[in-house]
Amino acid sequence: MKKIFVTGALGQIGSELVMKMREVYGNDQVVATDIKCPKEHEVVGSGPFEILDVTDAKKMHEIAKKYEVDTIIHLAALLSATAEKNPVFAWNINMGGLVNALEVARDLHCQFFTPSSIGAFGPSTPTDNTPQDTIQRPTTMYGVNKVSGELLCDYYFHKFGVDTRGVRFPGLISYVTPPGGGTTDYAVDIYYEALKRGEYTSYIGKGTYMDMMYMPDALNAIIQLMEADPSKLKHRNAFNITAMSFEPEQIAAEIKKHIKHFKMDYDVDPIRQAIADSWPNSIDPSAAREEWGFKAEYDLVKMTEDMLSKLEKKGIKNDSEIVCAK
Ligand code: AKB
């Protein structure tokens, strides 16, 4: 039975992954950690939880040892736009946290997962159907962290035999926990604003294509890759995976099918636009398909239907309707 240690457990991926893994492996088998500890969170209430700042190597080791974990899912990191605002801080959290987690994995013989990103590519990377193995010269601090992280995880595999595995995530879209500080976050915000106000101002410009994925597919991908037969893995850190690629007009058109009066305009943020422009339009996930059977279930149509209905169930609705209802 796996005993899994998760960092960044209250973040966008962590808050759903912990609950899913507790369902699959048992509540007590998943030790969630985060720098904060809100009292009322289901992750905190449903199984072991510890406060951890990932730059604190000693405490990380102590917690992992205390629970006798055999798997580490290292998620704590700053996303692209936040990292660009404070690059040295991002280096310290993203790289410092990663090397600490890898050291724990080495010492305690743990299997290891950490996500990379489409941000690991840069302007000199082929932009369409970006291959698994290609040029990686990113121009953002986040991208530099992600490429360095991929290489560091390969190093720990080759040098120390740590079973490191990873994927390059596209923008992740979910109705549970909002992302924070990413470039692809517009594709989450747009659903909330469509329901609340019937309109959205996109900070990403018209015609900017980026890869995206609905959270259920992302969670399945992590579990599937961690369960994959190691003898089948030619790559490890990190596999291209994607479910769809779209530009703002396309997601807006899809939302309009459900909310007829929905309107979108643009007020482009130069920082996030420059980051988006440096990333691929679409990546090729064939290595993930071939080596461990990756397959996404949700495309833009299916995701939009599910996202809007789940947000409505959560009570996200037109502000004026809320005022009228009082
Ligand atoms: C971001 O926008 O920073 C992330 C990512 C694609 O890695 N969502």
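Preceding this paragraph is the structure being described.
Just so it is clear, the structure is predicted and the values come from calculations on it, not from any experiment. (Residues numbered from 1 in each chain as written. Predicted model: local features only at pLDDT ≥ 70, side-chain atom pairs only at ≥ 80, totals over all residues. Heavy atoms only, no water.)

Draft legend 1. View of the site of the ligand. Around the ligand sit Leu 79, Ser 80, Ser 117, Ile 118, Tyr 142, Pro 170, Gly 171, Gly 182, Thr 183, Thr 184 and Trp 279, and that is every residue in its neighbourhood. At 2.6 Å from an oxygen atom of the ligand is found a side-chain nitrogen or oxygen belonging to Tyr 142. Note that a nitrogen atom of the ligand is positioned 2.9 Å from one of the side-chain N or O atoms of Thr 184. Summarising the interface, the protein chains cover 94% of the accessible area of the ligand, which totals 250 Å² for the free molecule. Looking at side-chain class alone, the shell around the ligand contains 5 nonpolar, 6 polar and no charged residues. When residues are assigned to domains, the shell around the ligand turns out to be shared by domain 1 (4-170 + 213-240) and domain 2 (171-212 + 244-279 + 298-313), each giving three or more. (Near = heavy atom within 4 Å. Polar contact = N/O pair within 3.5 Å; in protein donor to acceptor, adjacent residues only side chain to side chain. Areas by Shrake-Rupley, 256 points an atom, 1.4 Å probe, with all protein chains shown as cover. Nonpolar A, V, L, I, M, F, W, Y, C, P; charged D, E, K, R; others polar. Domains from an automatic or database assignment.)

Draft legend 2. Looking closely at the side chain of Ser 174. Counting through the fold element by element, Ser 174 comes out in the loop between strand 9 (171-173) and helix 7 (186-197). Engagement of the side chain of Ser 174 in a polar contact is seen with the side chain of Glu 16, the distance being 2.6 Å. There is a polar contact of 2.9 Å between the side chain of Ser 174 and the backbone nitrogen of Val 176. Look past the residues within four positions of Ser 174 in its chain and what remains in contact with it is Gln 12, Glu 16, Val 188, Tyr 214, Met 215 and Met 307. (Helix = DSSP H or I, 4+ residues; strand = E, 2+ residues; numbered from the N terminus. Contact = heavy atoms within 4.5 Å.)

Draft legend 3. Quick look at helix 3 (residues 57-66). Listing the buried residues of helix 3 in full gives Met 60, Ile 63 and Ala 64. One side of helix 3 holds all its buried residues, which, seen down the axis, span an arc of 95°. Facing away from the buried surface of helix 3 by more than 90 degrees, the exposed residues are Lys 58, Lys 65 and Lys 66. Buried-residue contacts for helix 3 involve strand 1 (4-7), strand 2 (30-34), strand 3 (49-51) and helix 5 (87-108). In the stretch just after helix 3, Glu 68 is the one whose phi turns positive, near 50°. (Buried < 20%, exposed > 50% of the residue type's maximum accessible area, 1.4 Å probe, protein only. Arc of directions from axis to C-beta.)

Draft legend 4. Main features of the sheet that holds strand 6 (residues 116-117). A sheet is described by the order of its strands in space; here 3 strands give the open sequence 6-8-12, paired in parallel fashion. In this open sheet, the two strands that pair with only one neighbour each are strand 6 and strand 12 (239-240). Across 2 bridges, the pairing between strand 8 (residues 167-169) and strand 12 is parallel. Bridging across to strand 12, Arg 168 finds its partner in Asn 240. (Pairing = 2+ DSSP bridges.)

The quantities given are spatial measurements derived from coordinates; they are silent on function.
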